[in-house]
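Chain by chain, the residues:
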Amino acid sequence: MKKIDEILNGVSCMAIAGHVRPDGDCIGSCLGLYQYLRDNRPEIQADVYLEDPRPEFSYLPGFSEVKTSCEEKEYDLVVLLDVSSEERIGVAAPLLAKAGKTICIDHHVTNTEYCEINHVEPDASSACEVLFGLLEEEKISEPCAEALYTGIVTDSGVFQYSSTSPHTMRVAAALMEKGVPFTRIIEDAFFKKTYVQNQIMGRTIMESIMLLDQRCIVGYVRKKDMDFYGVTPKDMDGIVNQLQNTRGVEVAIFLYEIGVQEYKVSMRSNGKVDVARVASYFGGGGHVKAAGCTMQGSVFDVVNSLTLDIERQLQE
Ligand code: AMP
Ligand code: MN
Ligand code: MN
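Residues numbered from 1 in each chain as written. Chains lettered and ligands numbered in written order. Predicted model: local features only at pLDDT ≥ 70, side-chain atom pairs only at ≥ 80, totals over all residues. Heavy atoms only, no water.

A. A look at the site of ligand 1. Close contacts around ligand 1 come from 13 residues, with H108, K264, S266, R268 and H287 the closest. In the environment of ligand 1, an oxygen atom lies 3.3 Å from a nitrogen or oxygen atom belonging to the side chain of R88. One nitrogen or oxygen atom from the side chain of S266 is found 2.6 Å from an oxygen atom belonging to ligand 1. Burial of ligand 1 by the protein amounts to 81% of the accessible area it has alone, namely 480 Å². For the shell around ligand 1, the leading source of residues is strand β11 (residues 290-296), giving four residues. Its residues assigned to classes, the shell around ligand 1 comprises three nonpolar, seven polar and three charged. (Near = heavy atom within 4 Å. Polar contact = N/O pair within 3.5 Å; in protein donor to acceptor, adjacent residues only side chain to side chain. Areas by Shrake-Rupley, 256 points an atom, 1.4 Å probe, with all protein chains shown as cover. Helix = DSSP H or I, 4+ residues; strand = E, 2+ residues; numbered from the N terminus. Nonpolar A, V, L, I, M, F, W, Y, C, P; charged D, E, K, R; others polar.)

This is how it looks when you write it as structure tokens:
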């Protein structure tokens with residue numbers, strides 16, 4: 001794909017959008033591009049659409065201007081960031097059909113290439129890293145750099161996951177040169193939790209179970225427990241990673257109830273098991289070491305279905 005500036009020629013109004021339950025990479029890439037446009041292409045009227053963005057990212061530029069519901073508008077261009085498939089587009093889904101042109105900028109191996117232009121780099125740590133490569137470095141301002149740094153830090157687990165490459169570090173270094181307050185960003189975007197977030201994590205770990213010869217750990221949260229603590233899906237971040245931090249565990253599974261007998265599933269693997277394969281089988285997707293899907297049934301049904309393939313893969 002050409003640099004974004006070339007694609008923007010002739011565009012007078014555009015939409016930028018991310019995926020359902022947007023994470024730091026999704027919010028960071030959307031607001032990073034938004035800021036880049038405000039800095040360099042003020043003649044373009046741009047709107048950002050994100051579903052209910054989390055307050056911990058409120059330090060990002062343009063956060064208060066995010067639209068959380070869709071408007072009946074025809075855009076010259078719609079850019080989807082960090083969105084692997086059409087079903088994962090959040091509030092902006094209706095805009096696609098009416099758009100002059102659609103572009104997807106992503107890093108998921110499972111990307112279904114649903115746009116006219118699909119720029120997918122499956123080896124990149126984050127959509128923010130991919131987006132950085134499409135921008136003119138000298139035109140990136142400090143606020144834009146903060147947004148991109150946020151996405152890289154959150155999606156790479158603070159440069160820990162195997163998707164972190166020397167290139168990731170070079171991009172992070174270039175953003176650091178712009179003067180981003182990296183200590184504060186890492187704290188705010190990744191480590192800091194509210195008291196109830198810590199409570200629900202503690203409880204989930206306490207009640208977790210080990211399966212498949214202690215090689216698989218399962219944690220789950222029921223709707224009634226979520227109500228008891230007053231937590232919502234966005235408070236569940238990091239729980240699956242903490243489960244995965246158990247010595248000897250190959251795969252961590254975390255479920256929380258999003259409807260009656262309906263669970264959001266998150267899986268993490270050390271690499272022996274391809275959890276994207278497991279998630280894809282149940283209509284989800286993701287990466288080899290981090291994937292997710294939504295499943296129906298009781299906790300028992302869901303875990304049983306998931307562990308069938310995990311067990312097979314552990315034996316391969
Ligand atoms: P999560 O466990 O939600 O943090 O997601 C881990 C990875 O799997 C992320 O890269 C997500 O984009 C992807 N993922 C999670 N849920 C789904 C889903 N329902 N469909 C496709 N990809 C998903
Ligand atoms: Mn994401
Ligand atoms: Mn991402």
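B. Region of interest: the packing of helix α4 (residues 127-134) against helix α5 (residues 142-155). Look at α4 against α5: their axes get within 7 Å of each other, and the N-to-C directions meet at 140°. Considering the angle they form, α4 stands oblique to α5. In this structure, α4 contributes C128, E129, L131 and F132 to the contact, and α5 contributes A147, L148, G151 and I152. (Axes fitted to C-alpha atoms, helices over the stretch in contact; angles between N-to-C directions. Parallel < 35°, antiparallel > 145°, perpendicular 65-115°, else oblique. Contact = heavy atoms within 4.5 Å.)

C. Representation of the pairing of strand β8 (residues 251-259). When you tally the buried positions in β8, you get seven out of nine residues, the bulk of the element. Where strand β7 (residues 216-221) lies against β8, six bridges are found, and the strand directions are parallel. If you follow G219 over to β8, its bridge partner there is F254. With eight bridges joining them, β8 and strand β9 (residues 262-269) adopt antiparallel strand pairing. Across the sheet, L255 pairs through a bridge with V265, a residue of β9. (Buried < 20%, exposed > 50% of the residue type's maximum accessible area, 1.4 Å probe, protein only. Pairing = 2+ DSSP bridges.)

D. Structural context of α5. With 14 residues, α5 should cover 20 Å at 1.5 Å per step; its first-to-last C-alpha distance of 20 Å lies within 8% of that length. With twelve of 14 residues buried, α5 lies mostly within the body of the structure. Buried within α5 we find C144, A145, E146, A147, L148, Y149, T150, G151, I152, V153, T154 and D155. Packing partners of the buried residues in α5 comprise α2 (24-40), α4, α6 (166-177) and α7 (182-191). Following α5 by one or two positions, G157 adopts a phi angle in the positive range, close to 60°. (Expected span 1.5 Å × (residues − 1).)

E. Inspection of the sheet that holds strand β2 (residues 45-49) at higher detail. Taken together, the five strands give an open sheet; going across it, the order is β2-β1-β3-β4-β5, and neighbouring strands pair in parallel fashion. The strands lining the two open edges of the sheet, one partner per strand, are β2 and β5 (117-120). On average, each strand axis in the sheet is tilted by 15° relative to the strand beside it, whichever way the strands run. Here strand β1 (residues 13-17) runs beside β2; their pairing, made up of five bridges, is parallel. Within the sheet, the bridge partner assigned to A15 lies in β2 and is D47. Lying over the sheet, α2 contacts β1, β2 and β3 (77-81), oriented at roughly 160° with respect to β1.

F. Geometry of the coordination of the manganese ion (ligand 3). Around the manganese ion (ligand 3), the protein contributes the donor atoms D25 (OD), D82 (OD), H107 (NE2) and D155 (OD), which lie 2.1 to 2.2 Å from the metal centre. Between the donor residues of the manganese ion (ligand 3), the gaps in sequence give the motif D-x56-D-x24-H-x47-D. Here the manganese ion (ligand 3) and the manganese ion (ligand 2) are spaced 3.6 Å apart, with D82 acting as a shared donor. Here the residue D82 occupies a position in the loop between β3 and α3 (95-98), and H107 occupies one in the loop between β4 (101-106) and β5, the gap between them amounting to 25 residues. (Donors = N, O, S within 2.8 Å, 3.2 Å for Na, K, Ca; no water.)

G. Molecular detail of the coordination of the manganese ion (ligand 2). Note on the manganese ion (ligand 2): its protein donors are H19 (NE2), D23 (OD), D23 (OD) and D82 (OD). The metal-donor distances range over 2.1 to 2.8 Å. For the manganese ion (ligand 2), the single-chain donor residues occur in sequence as H-x3-D-x58-D.

H. The arrangement of the nonpolar core in detail. Counting residues in hydrophobic clusters, the biggest one holds 51 residues, and the most contacted among them are M14, I16, L33, I105, L135 and L148. Sorting elements by how many residues they give to this core places α2 first, with eight residues. Ignoring any residue separated from it by four or fewer positions in sequence, one finds M14 in contact with L8, L33, L37, I44, Q45, A46, D47, Y75, L77 and V79. I253, V265, C293 and V303 belong to the second-largest nonpolar core, a separate cluster that totals 22 residues. (Core = buried A, V, L, I, M, F, W, Y, C linked by side-chain atoms within 4.5 Å.)

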